[in-house]
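# Observations on the three-dimensional arrangement
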Amino acid sequence: SMSAKGIGNAVLGFQSLSADDVPIVRQLISRFAKYVRECYQPLDGQAIASIMIGLRSSSVECNEVNELIEAVVEHMTQRWHGEIGQRSDKRPALKSKEVSMILCGLQSTQKSTESVETLINTTLTIARKCRIWLNNGNEITAALTGLQRLGNDGLASRASIKYIIDSLQRLQRQHDHYHR
(Lines give C-alpha, C1' and ligand atoms only; values in the text may rest on other atoms or scores of the structure.)
Protein backbone atom coordinates (compact mmCIF):
# COMPACT_ATOMS: atom_id res chain seq x y z
CA SER A 1 0.00 0.00 0.00
CA MET A 2 1.06 3.60 -0.46
CA SER A 3 1.34 6.58 1.86
CA ALA A 4 -1.17 9.43 1.59
CA LYS A 5 1.57 11.72 0.27
CA GLY A 6 2.68 9.08 -2.27
CA ILE A 7 -0.85 8.70 -3.60
CA GLY A 8 -1.33 12.47 -3.82
CA ASN A 9 1.96 13.00 -5.65
CA ALA A 10 1.30 10.15 -8.07
CA VAL A 11 -2.22 11.26 -9.01
CA LEU A 12 -0.99 14.86 -9.34
CA GLY A 13 1.06 13.59 -12.29
CA PHE A 14 -2.14 12.81 -14.23
CA GLN A 15 -3.20 16.42 -14.50
CA SER A 16 -2.60 16.81 -18.24
CA LEU A 17 -4.07 13.38 -19.04
CA SER A 18 -7.76 12.91 -19.64
CA ALA A 19 -9.27 9.65 -18.45
CA ASP A 20 -12.26 10.32 -20.68
CA ASP A 21 -10.68 8.88 -23.80
CA VAL A 22 -7.59 7.00 -22.62
CA PRO A 23 -8.31 3.52 -21.22
CA ILE A 24 -4.87 3.18 -19.62
CA VAL A 25 -5.45 6.38 -17.62
CA ARG A 26 -8.81 5.02 -16.50
CA GLN A 27 -7.12 1.81 -15.32
CA LEU A 28 -4.52 3.81 -13.40
CA ILE A 29 -7.16 5.99 -11.77
CA SER A 30 -9.11 2.89 -10.80
CA ARG A 31 -5.93 1.45 -9.25
CA PHE A 32 -5.47 4.65 -7.22
CA ALA A 33 -9.06 4.48 -5.97
CA LYS A 34 -8.07 1.09 -4.54
CA TYR A 35 -4.89 2.58 -3.00
CA VAL A 36 -6.93 5.34 -1.36
CA ARG A 37 -9.34 2.78 0.11
CA GLU A 38 -6.42 0.76 1.49
CA CYS A 39 -4.37 3.73 2.65
CA TYR A 40 -3.22 3.28 6.23
CA GLN A 41 -2.83 7.02 6.82
CA PRO A 42 -5.52 9.69 6.85
CA LEU A 43 -5.45 11.70 3.64
CA ASP A 44 -4.53 15.21 4.64
CA GLY A 45 -5.60 18.36 2.84
CA GLN A 46 -2.45 18.36 0.75
CA ALA A 47 -3.00 14.80 -0.52
CA ILE A 48 -6.66 15.49 -1.34
CA ALA A 49 -5.78 18.73 -3.13
CA SER A 50 -3.09 16.89 -5.14
CA ILE A 51 -5.52 14.13 -6.13
CA MET A 52 -8.14 16.65 -7.24
CA ILE A 53 -5.64 18.70 -9.27
CA GLY A 54 -4.50 15.42 -10.84
CA LEU A 55 -8.09 14.87 -12.00
CA ARG A 56 -8.50 18.35 -13.50
CA SER A 57 -8.46 17.08 -17.13
CA SER A 58 -10.88 14.23 -16.47
CA SER A 59 -14.60 14.45 -15.96
CA VAL A 60 -16.67 12.69 -13.34
CA GLU A 61 -18.81 11.22 -16.11
CA CYS A 62 -15.93 8.76 -16.25
CA ASN A 63 -16.76 5.98 -13.75
CA GLU A 64 -13.19 5.52 -12.58
CA VAL A 65 -12.82 9.21 -11.78
CA ASN A 66 -16.06 9.10 -9.83
CA GLU A 67 -14.81 5.99 -8.03
CA LEU A 68 -11.61 7.79 -6.97
CA ILE A 69 -13.53 10.83 -5.74
CA GLU A 70 -15.85 8.48 -3.82
CA ALA A 71 -12.83 6.88 -2.13
CA VAL A 72 -11.47 10.33 -1.22
CA VAL A 73 -14.84 11.41 0.17
CA GLU A 74 -15.02 8.23 2.27
CA HIS A 75 -11.66 9.12 3.78
CA MET A 76 -12.75 12.69 4.46
CA THR A 77 -16.01 11.75 6.12
CA GLN A 78 -14.56 8.87 8.16
CA ARG A 79 -11.46 10.68 9.33
CA TRP A 80 -12.87 14.13 9.88
CA HIS A 81 -16.44 13.41 10.83
CA GLY A 82 -15.86 13.15 14.57
CA GLU A 83 -14.90 16.77 15.02
CA ILE A 84 -15.24 17.77 11.40
CA GLY A 85 -12.27 19.72 10.28
CA GLN A 86 -10.07 19.44 13.37
CA ARG A 87 -6.92 17.39 13.30
CA SER A 88 -5.58 15.95 16.55
CA ASP A 89 -3.09 18.80 16.85
CA LYS A 90 -5.99 21.26 16.56
CA ARG A 91 -4.82 22.81 13.33
CA PRO A 92 -7.56 23.01 10.71
CA ALA A 93 -7.68 20.00 8.42
CA LEU A 94 -7.47 22.22 5.35
CA LYS A 95 -5.59 25.33 4.32
CA SER A 96 -7.23 27.94 2.11
CA LYS A 97 -4.96 27.00 -0.79
CA GLU A 98 -6.08 23.36 -0.48
CA VAL A 99 -9.76 24.36 -0.51
CA SER A 100 -9.15 26.31 -3.72
CA MET A 101 -7.25 23.37 -5.29
CA ILE A 102 -9.96 20.86 -4.41
CA LEU A 103 -12.54 23.04 -6.17
CA CYS A 104 -10.14 23.73 -9.05
CA GLY A 105 -9.80 20.00 -9.73
CA LEU A 106 -13.45 19.86 -10.83
CA GLN A 107 -12.82 21.99 -13.90
CA SER A 108 -13.59 19.23 -16.46
CA THR A 109 -16.75 18.13 -14.70
CA GLN A 110 -20.03 19.18 -16.26
CA LYS A 111 -22.59 17.09 -14.44
CA SER A 112 -22.30 16.81 -10.71
CA THR A 113 -22.54 13.40 -9.07
CA GLU A 114 -23.33 12.44 -5.51
CA SER A 115 -19.63 12.05 -4.74
CA VAL A 116 -18.83 15.51 -6.17
CA GLU A 117 -21.66 17.06 -4.13
CA THR A 118 -20.37 15.35 -0.98
CA LEU A 119 -16.77 16.36 -1.75
CA ILE A 120 -17.77 20.01 -2.16
CA ASN A 121 -20.10 20.03 0.83
CA THR A 122 -17.59 18.35 3.15
CA THR A 123 -14.81 20.70 2.02
CA LEU A 124 -16.97 23.79 2.51
CA THR A 125 -18.33 22.59 5.88
CA ILE A 126 -14.78 22.20 7.17
CA ALA A 127 -13.73 25.54 5.67
CA ARG A 128 -16.62 27.45 7.24
CA LYS A 129 -16.40 25.64 10.57
CA CYS A 130 -12.69 26.40 10.87
CA ARG A 131 -13.12 29.88 9.36
CA ILE A 132 -10.84 29.14 6.45
CA TRP A 133 -11.43 31.69 3.69
CA LEU A 134 -9.81 32.08 0.29
CA ASN A 135 -7.02 34.54 0.92
CA ASN A 136 -5.99 36.04 -2.38
CA GLY A 137 -6.80 36.46 -6.05
CA ASN A 138 -5.05 33.24 -7.06
CA GLU A 139 -7.10 31.12 -4.69
CA ILE A 140 -10.33 32.75 -5.78
CA THR A 141 -9.44 32.33 -9.46
CA ALA A 142 -8.57 28.64 -8.93
CA ALA A 143 -11.86 27.99 -7.11
CA LEU A 144 -13.87 29.72 -9.85
CA THR A 145 -11.98 27.79 -12.53
CA GLY A 146 -13.20 24.55 -10.98
CA LEU A 147 -16.80 25.65 -11.31
CA GLN A 148 -16.60 26.83 -14.90
CA ARG A 149 -18.47 23.86 -16.39
CA LEU A 150 -20.56 22.87 -13.40
CA GLY A 151 -22.66 25.98 -13.74
CA ASN A 152 -24.87 27.02 -10.87
CA ASP A 153 -27.74 24.57 -11.02
CA GLY A 154 -26.47 22.17 -8.33
CA LEU A 155 -26.74 22.95 -4.63
CA ALA A 156 -23.04 22.28 -4.14
CA SER A 157 -21.92 24.65 -6.88
CA ARG A 158 -24.25 27.32 -5.48
CA ALA A 159 -22.73 26.72 -2.04
CA SER A 160 -19.26 27.08 -3.62
CA ILE A 161 -20.19 30.35 -5.29
CA LYS A 162 -21.56 31.66 -1.99
CA TYR A 163 -18.34 30.62 -0.23
CA ILE A 164 -16.25 32.41 -2.89
CA ILE A 165 -18.39 35.57 -2.56
CA ASP A 166 -18.07 35.46 1.25
CA SER A 167 -14.29 35.11 0.85
CA LEU A 168 -14.23 38.10 -1.52
CA GLN A 169 -16.26 40.20 0.92
CA ARG A 170 -13.81 39.36 3.72
CA LEU A 171 -10.87 40.33 1.51
CA GLN A 172 -12.63 43.60 0.67
CA ARG A 173 -13.25 44.33 4.36
CA GLN A 174 -9.60 43.59 5.19
CA HIS A 175 -8.52 45.85 2.35
CA ASP A 176 -10.81 48.66 3.51
CA HIS A 177 -9.60 48.20 7.07
CA TYR A 178 -5.93 48.55 6.11
CA HIS A 179 -6.49 51.47 3.76
CA ARG A 180 -8.41 53.81 6.05
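Placed above this text is the structure.
Computed from a predicted structure; not experimentally measured.

### Things to note about unusual backbone geometry
- Although it is not a glycine, Arg 131 adopts a positive phi angle of roughly 55°.
- Position of Arg 131 relative to the elements: it lies in the loop between helix H6 (114-129) and helix H7 (137-146).

### Here we look at the packing of aromatic side chains
- For the structure on display, the rule yields 3 aromatic pairs.
- With centroids separated by 5.7 Å and ring planes inclined at 75°, the aromatic side chains of Phe 14 and Phe 32 adopt a geometry described as edge-to-face. In this pair, Phe 14 sits in the loop between helix H1 (4-12) and helix H2 (23-38) while Phe 32 sits in helix H2, placing the two residues 18 residues apart along the sequence. For the pair shown, Phe 14 and Phe 32 are each scored as buried.
- Consider the rings of Phe 32 and Tyr 35, whose centres lie 5.2 Å apart with planes at 80°: the pair is edge-to-face.

### Quick word on the packing of H1 against helix H3 (residues 45-54)
- With their axes 7 Å apart at the nearest point, H1 and H3 run at an angle of 20° to one another. Considering their axes alone, H1 and H3 lie roughly parallel with respect to each other. Like other packed secondary-structure pairs, H1 and H3 cross with a definite hand, here left-handed. Listed contacts from H3 to Ala 4, Ile 7, Gly 8, Val 11 and Leu 12 of H1 are Ala 47, Ser 50, Ile 51, Ile 53 and Gly 54.
- By residue class, the composition of the contact of H1 with H3 is 7 nonpolar, 3 polar and no charged.

Definitions and limits used
- Residues numbered from 1 in each chain as written.
- Predicted model: local features only at pLDDT ≥ 70, side-chain atom pairs only at ≥ 80, totals over all residues.
- Heavy atoms only, no water.
- Helix = DSSP H or I, 4+ residues; strand = E, 2+ residues; numbered from the N terminus.
- Phe/Tyr/Trp six-rings, centres within 6.5 Å; stacked < 30°, edge-to-face > 60°.
- Buried < 20%, exposed > 50% of the residue type's maximum accessible area, 1.4 Å probe, protein only.
- Axes fitted to C-alpha atoms, helices over the stretch in contact; angles between N-to-C directions.
- Parallel < 35°, antiparallel > 145°, perpendicular 65-115°, else oblique.
- Left-handed = near helix turned anticlockwise from the far one by under 90°.
- Contact = heavy atoms within 4.5 Å.
- Nonpolar A, V, L, I, M, F, W, Y, C, P; charged D, E, K, R; others polar.

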